[in-house]
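Understanding the architecture of this molecule
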Amino acid sequence: MKYRSVFDIIGPIMIGPSSSHTAGAARIGLLARNLFGNKPTRADILFYGSFAKTYKGHGTDIAIVGGILGFDTFDKRMTESLSIAKEQHVDITIRTSDDIPNHPNTARVTISDETKTVSVCGISIGGGKMEITEVDGFPVRITGDMPTLLVWHEDRYGLVAAVSEILAAHKINIGYMDMARKSRGAQALMVIETDQAASEVICQELCALSYINNVSSIAAL
Amino acid sequence: MFRTIAELVELCSTENKKISQIMIETESETSGKSQQEVIDMMERNLDVMKEAVERGIVEPDRSRSGLTGGDAVLLQTYMKEKEPLSGKLLLDAVSKSVATNEVNAKMGTICATPTAGACGIVPGTLFAVAPKLNADREQMVRYLFTAGAVGFVIANNAFISGAAGGCQAEVGSATGMAAAAIVEMAGGSAEQSAQAVAIALKNMLGLVCDPVAGLVEVPCVKRNAMGAANAMVAADMALAGIRSAIPTDEVIEAMYRIGCAMPNTLKETALGGLAATPTGRELERRIFGDA
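Residues numbered from 1 in each chain as written. Chains lettered and ligands numbered in written order. Predicted model: local features only at pLDDT ≥ 70, side-chain atom pairs only at ≥ 80, totals over all residues. Heavy atoms only, no water.

1. Comments concerning the domain arrangement of chain A
It is common to give the size of an interface as the accessible area lost on bringing the parts into contact. Residues and elements named next belong to chain A. Operational definition: What fixes the domain bounds is an automatic or database domain assignment. Here, two residues are considered to be in contact whenever any of their heavy atoms come within 4.5 Å of each other. Accessible-area loss on putting two parts together, using a 1.4 Å probe and summing over both, is the definition of buried area adopted here. A carboxyl oxygen of Asp or Glu within 4 Å of a side-chain nitrogen of Lys or Arg is what we treat as a salt bridge. Under this definition, polar contacts are N or O atom pairs within 3.5 Å; protein pairs additionally need one hydrogen-donor-capable and one acceptor-capable atom, and for neighbouring residues in sequence, both atoms have to be side-chain atoms. Every helix listed is a DSSP run of H or I at least four residues long, and every strand listed is a run of E at least two residues long, numbered separately from the N terminus. Charged residues are taken to be Asp, Glu, Lys and Arg, nonpolar residues to be Ala, Val, Leu, Ile, Met, Phe, Trp, Tyr, Cys and Pro, and polar residues to be all remaining types, Gly included.
Annotation of chain A at the domain level lists domain 1 (6-136) and domain 2 (148-218). Counting residues at the interface gives 5 residues for domain 1, matched by 6 residues for domain 2. With both chains or domains summed, domain 1 and domain 2 bury close to 470 Å², and 67% of this area falls on carbon and sulfur atoms. Run the count over domain 1 and domain 2 and you get 0 salt bridges. The tally of links between domain 1 and domain 2 comes to 3 residue pairs in polar contact (both at pLDDT 80 or more). In terms of residue count, helix 1 (residues 19-36) provides more of the side of domain 1 that touches domain 2 than any other element does, 3 residues in total. The class makeup of the residues in the side of domain 1 that touches domain 2 is 3 nonpolar, 1 polar and 1 charged.

2. Quick word on the UniProt feature "domain: Serine dehydratase-like alpha subunit" (unreviewed entry) in chain B
Going by this rule: UniProt positions are given in the numbering used here, feature names are shortened, and annotations may be inferred rather than shown by experiment.
Those places that UniProt annotates as "domain: Serine dehydratase-like alpha subunit" (unreviewed entry) correspond, in this numbering, to residues 15-275 of chain B. Here residues 15-275 of chain B is 64% helix and 1% strand, with 48 Å between the C-alpha atoms at its ends.

3. A look at the sheet that holds strand 9 (residues 174-181) of chain A
All names here are of chain A. Defined as follows: Should DSSP find at least two bridges between two strands, the strands are regarded as paired. For every element, the axis is a line fit to its C-alpha atoms; helices are fit only across the contacting stretch, and the angle between N-to-C directions ranges from 0 to 180 degrees.
Taken together, 4 strands build an open sheet; the order of strands is 9-10-8-11 and the sheet is antiparallel. Each edge of the open sheet carries a strand with a single partner, namely strand 9 and strand 11 (212-218). Within this sheet the neighbouring strands show an average axis-to-axis angle of 15°, counted without direction. Taken together, the 7 bridges between strand 8 (residues 148-154) and strand 10 (residues 187-194) define a ladder with antiparallel strand orientation. Within strand 10, the residue paired with Leu-149 across the bridge is Ile-192. On the sheet, helix 1 packs against strand 8 and strand 11 and is oriented at approximately 135° with respect to strand 11. Sheet strands touched by helix 6 (residues 200-208): strand 8 and strand 11. Its angle to strand 11, the strand with the most contacts, is close to 160°.

4. Some details on the UniProt feature "domain: ACT" (unreviewed entry) in chain A
Mapped onto this numbering, the UniProt entry gives "domain: ACT" (unreviewed entry) at residues 148-221 of chain A. Helix makes up 27% of residues 148-221 of chain A and strand makes up 41%, while its end C-alpha atoms are separated by 10 Å.

5. Here's the deal with unusual backbone geometry
Defined as follows: For each residue, the accessible area found with a 1.4 Å probe, counting protein chains only, is set against the maximum for its type, and the residue is called buried under 20%, exposed over 50%, and partly exposed in between.
The linkage connecting A:Gly16 with the following residue, A:Pro17, adopts the cis geometry, with an omega of 15°. Note that A:Pro17 resides in the loop between strand 1 (13-15) and helix 1. Residues other than glycine seldom take positive phi values, yet B:Ala213 does so here, at roughly 60°. Tracing the sequence through the fold places B:Ala213 in the loop between helix 10 (190-202) and helix 11 (220-239). Classification of B:Ala213 by relative accessible area gives buried; the value is 1%. Even without a glycine there, the phi angle at B:Ala270 is positive, about 60°. Position of B:Ala270 relative to the elements: it lies in the loop between helix 12 (248-261) and helix 13 (278-288).

Set out below in structure tokens:
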């Protein structure tokens with residue numbers, strides 16, 4: 001089922017005017033920010049499809065930047081997000097693409113600071129819901145409905161078992177798990193939806209495993 | 001867990017419960033939260049809706065684009081000064097729906113029901129009908145769960161966004177949701193709520209999403225108005241004992257098929273319908289320039 005909660009239907013509380021163009025966009029920005037882990041110094045936003053055509057009138061740029069600054073869909077600071085970004089020295093670039101996307105409301109967000117960069121592609125599927133379809137070039141499906149763990153690793157045997165063993169030891173239940181890799185034996189990304197959020201300690205234990213490059217734990221939106 | 005309106009009505013009947021109660025219990029089970037926590041979350045949505053209605057019926061400001069704003073105030077003034085032909089309760093629901101959608105267009109705070117573009121209909125009818133029926137806060141929260149249950153079925157079997165299924169999916173879903181909730185608040189049965197959904201949604205089938213300049217304003221605000229009126233009349237018809245010849249789930253299925261068959265020019269792309277009229281294009285140029 002696409003929708004799992006009554007609050008997907010009655011909600012979210014949000015700043016208008018469009019659940020797809022503002023709330024969904026804000027959540028794409030917020031998930032990218034949560035994945036990044038802290039305030040970036042740069043954000044490059046690329047709009048496709050309907051986002052590209054109507055973002056100015058809908059304030060999609062304002063919403064997605066609000067999300068990148070860490071604002072939730074109902075945050076009243078949202079309408080001032082572009083000037084707040086400037087005050088906080090977050091350099092924002094907004095561009096549009098004429099490419100025809102798979103989904104009409106698609107945005108690509110690349111956020112970075114001096115040490116790291118994260119690039120995500122997100123689609124706004126209606127009613128304020130969104131899905132992240134790509135992280136750093138890996139095809140994924142992240143909804144933000146559940147706490148989600150992302151594990152960047154090298155494609156080696158036994159790693160899935162090692163990761164799930166650590167989660168089991170901490171009584172973290174896995175709801176959904178997916179693995180994307182660019183080619184056999186190359187870089188890979190595990191996306192794990194869990195019932196309980198993984199703590200910093202768990203992330204450190206996972207990071208200590210061989211062949212694991214990075215771990216990011218994001219709360220449910 | 002229910003997947004169809006028929007299953008929902010069946011659950012209400014076998015467990016002798018209202019639609020709202022089934023939705024509260026289902027949400028509690030799937031989320032792991034207590035029923036009270038779930039109710040508290042919905043109360044927050046109710047408060048946001050109340051603030052938007054109260055702001056919209058007194059504030060005449062226009063939106064950023066200048067396309068909409070002030071119509072809810074006009075309706076409220078008209079209702080005070082004249083005897084509306086279609087009746088005060090109906091027009092109150094319409095004005096409060098317009099109020100909420102105008103606040104949305106102004107980038108104000110609203111609760112999506114099920115989307116922002118259709119956010120007026122559920123609260124608009126709620127804040128008109130509740131005083132008429134002397135409903136307390138608990139009943140008002142239940143109204144939202146009943147509406148949510150219907151939207152939940154529609155969203156999972158068809159769609160709720162204009163980009164996916166046209167405005168029938170957006171304002172149409174909201175209208176069916178409100179119709180069911182009005183029936184329950186008025187003391188009707190779950191079966192009557194289901195009939196109200198079918199009657200309301202049938203009259204929204206085929207509705208295209210053709211926002212002028214691509215903005216959620218024209219024709220959205222006035223479609224929220226008509227959605228509220230449609231929901232009120234559909235609820236009264238169902239309470240009178242009128243049944244839909246086509247079962248509710250089949251109406252939802254028809255809505256899905258119509259949406260799939262609808263060309264992309266009529267799905268929120270601003271390439272067709274009212275958006276493509278000479279005046280629609282002129283308004284677009286005025287707002288965005290020729291670029």
